[in-house]
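Summary of structural features
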Amino acid sequence: MTRLIPVELLSPPHDALARPLRDLRISVIDRCNFRCPYCMPADQYAQDYEFLAKDQRLRFEEIERLARAFAALGVRKLRLTGGEPLLRRDLPRLVERLACISGIDDLAMTTNGVLLPKFAQALRDAGLRRLTVSLDTLDPATFRTLSGGRGEVDDVLAGLAAAERAGFARIKINCVVVRGVNDAHAPDLVERFRGTGHIVRFIEYMDVGTLNHWRGDAVVPSAELIARIGARWPLEPLEPNYRGEVAERHRFRDGAGEIGFISSVSQPFCGDCSRARLSADGKLYTCLFARSGHDLRGPLRAGASDAELASLISQRWSRRADRYSEQRAELRACGEQKHVEMFAVGG
C-alpha cells in the first residue's frame, strides 16, 4: 500500500539521478490550428481526428489544484502549452488562477501566436509574465508548408506586435530547424529580430512522438548554425541564467542582443533536466520522450486531498530515471521509438 505523507511534511523531491523538480509544463488542450510536420503532421491528424472530449480534459480548478501541489514540492516555473493553448476557451481565467499561487516565480506560455491579437492584453492583465512564440521561418511559402497549409507568417508577426503592445518584452521566438526545409532561412530570423530585445532560439529537430518521420540526417547541429550565424554577426557565449536552462546562450558582440540554441540531439542536457509535464487529460510525464504518463486526474476526481496528490507526484518523481536524449542512439537501435506525441504534452 502506498504511504501518503502530509503535504506540509513533504520535502522537495529529487529523482533517481538527483535532479530536482523545478518546472512544470501544463498542456491545456491537445488541439491545434496548425499541422506542423514535426509535431502534428496533417496526414496523421485529419479533420475527423478525435481529440480529447471536454470532460476528458482537466478543468481549470483541477489544473490549479495540481499546480499548487507541484508548487508545494518546489516547482517555481509554470508554462502553459498545447496543442495551441489559446484554443482553450477563457484561458485568461486560468492564468489569473495560476498567477496567485504562492511560490510561483515565473508564469509563461508557448503559442504559435496567431491568436495573440485577440488575447494578448487579457493574458497580460491576468498575470502572464512571459511569452514564447513559435516561428520557423519568415518565408511565406515555407511557413505555409511548415504549418501544414494552415498558417500565414504575417499572422504570427501581427501576434508578436499585439504582444508588444500589451507589454510583453524579451519574447522568445522558437524555430525548429530542419535541414533542407528551413535551415537556409535561419539568418533571416536573426536579422529580423536583432536589436528588438526579443530572443530567437534555434531548436534541433527532435524525434518527438512517433509520427513525424524523424531522420537523423535532417538535424542541423547547433554548432553548425552557430558557425554560420557567427560568420555574419560575431557571437560570444554567455553563462546560463540558471542551472538546467535548456538553451545555450550567445550574445552579439555588437551589443544587439542575444540568441539561443537548444541542442537536444547533438548536446543532450538530460543531466540538469528539472521539468515535468502535465497533459491536458491529467497525466504526469517525466520526460518529453516518455512512452506513457502517470494518471493524476483519476485520484483527483476520486477525492484525493492536496497532501495525497503532492505525495503521489513526489513518489513518481523520486523514481524518475529518464535520460532519453543521452541514450537516443542506443535506444533507437533497440527499437525504442514509441513516445508520447508532442502536442499532448507541449514542447
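This write-up is about the structure you can find in this document.

**Describing the overall build of the protein chain**
Along the protein chain, the regular secondary structure elements total eleven helices and twelve strands. A globule of 347 residues ought to have a C-alpha radius of gyration of about 20 Å, and the protein chain, at 20 Å, matches this closely. For the protein chain, the C-alpha atoms occupy an extent of roughly 60 × 45 × 45 Å along the three principal directions. Counting every position in the protein chain, which comprises 347 residues, the buried fraction comes to 53%. The long-range fraction of contacts in the protein chain, counting pairs at least 24 apart against all pairs at least 6 apart in sequence, stands at 74%. For the protein chain, the exposed area adds up to about 15,100 Å²; of that, 49% sits on carbon and sulfur atoms.

**Comments concerning the packing of helix α3 (residues 116-126) against helix α5 (residues 153-166)**
The description of two helices packed together rests on the angle between their axes and the distance between the axes. With their axes 8 Å apart at the nearest point, α3 and α5 run at an angle of 25 degrees to one another. Comparing the axis directions of α3 and α5 gives the class roughly parallel. The interaxial crossing formed by α3 with α5 has right-handed handedness. Contacts between α3 and α5 pair Leu116, Pro117, Ala120, Gln121 and Arg124 from the former with Ala158, Gly159, Ala162, Ala163, Arg165 and Ala166 from the latter. Here the contact of α3 with α5 is composed, by residue class, of seven nonpolar, two polar and two charged.

**With respect to helix α9 (residues 306-318)**
An ideal rise of 1.5 Å per residue puts 18 Å on 13 residues; α9 measures up with 18 Å between its terminal C-alpha atoms. Residues of α9 that are buried: Ala307, Leu309, Ala310, Ser311, Ile313, Ser314, Arg316 and Trp317. On its buried side, α9 packs onto α1 (60-72), β10 (275-278), β11 (283-285), β12 (294-295) and α8 (297-301).

**Considerations on the packing of aromatic side chains**
What the rule picks out here adds up to three aromatic pairs. Between phenylalanine 289 and tyrosine 324 the ring centres are 4.7 Å apart and the planes differ by 25 degrees, which places this aromatic pair in the stacked class. You can see phenylalanine 289 sitting in the loop between β11 and β12 and its partner tyrosine 324 sitting in the loop between α9 and α10 (328-333), a full 35 residues away along the chain. Look at tyrosine 324 and you get buried, because its relative accessible area is 5%. Taking NZ or CZ as reference, arginine 124 lies 4.9 Å from the ring centre of phenylalanine 168, over its face. Across the ring face of phenylalanine 252, the terminal group of arginine 194 is positioned such that the distance to the ring centre comes to 4.8 Å.

Each value, and the rule that gives it
Residues numbered from 1 in each chain as written. Predicted model: local features only at pLDDT ≥ 70, side-chain atom pairs only at ≥ 80, totals over all residues. Heavy atoms only, no water. Helix = DSSP H or I, 4+ residues; strand = E, 2+ residues; numbered from the N terminus. Rg over C-alpha atoms; globule rule 2.2 N^0.38 Å. Buried < 20%, exposed > 50% of the residue type's maximum accessible area, 1.4 Å probe, protein only. Contact = heavy atoms within 4.5 Å. Areas by Shrake-Rupley, 256 points an atom, 1.4 Å probe, with all protein chains shown as cover. Axes fitted to C-alpha atoms, helices over the stretch in contact; angles between N-to-C directions. Parallel < 35°, antiparallel > 145°, perpendicular 65-115°, else oblique. Left-handed = near helix turned anticlockwise from the far one by under 90°. Nonpolar A, V, L, I, M, F, W, Y, C, P; charged D, E, K, R; others polar. Expected span 1.5 Å × (residues − 1). Phe/Tyr/Trp six-rings, centres within 6.5 Å; stacked < 30°, edge-to-face > 60°. Lys NZ or Arg CZ within 6 Å of the ring centre and 35° of its normal.

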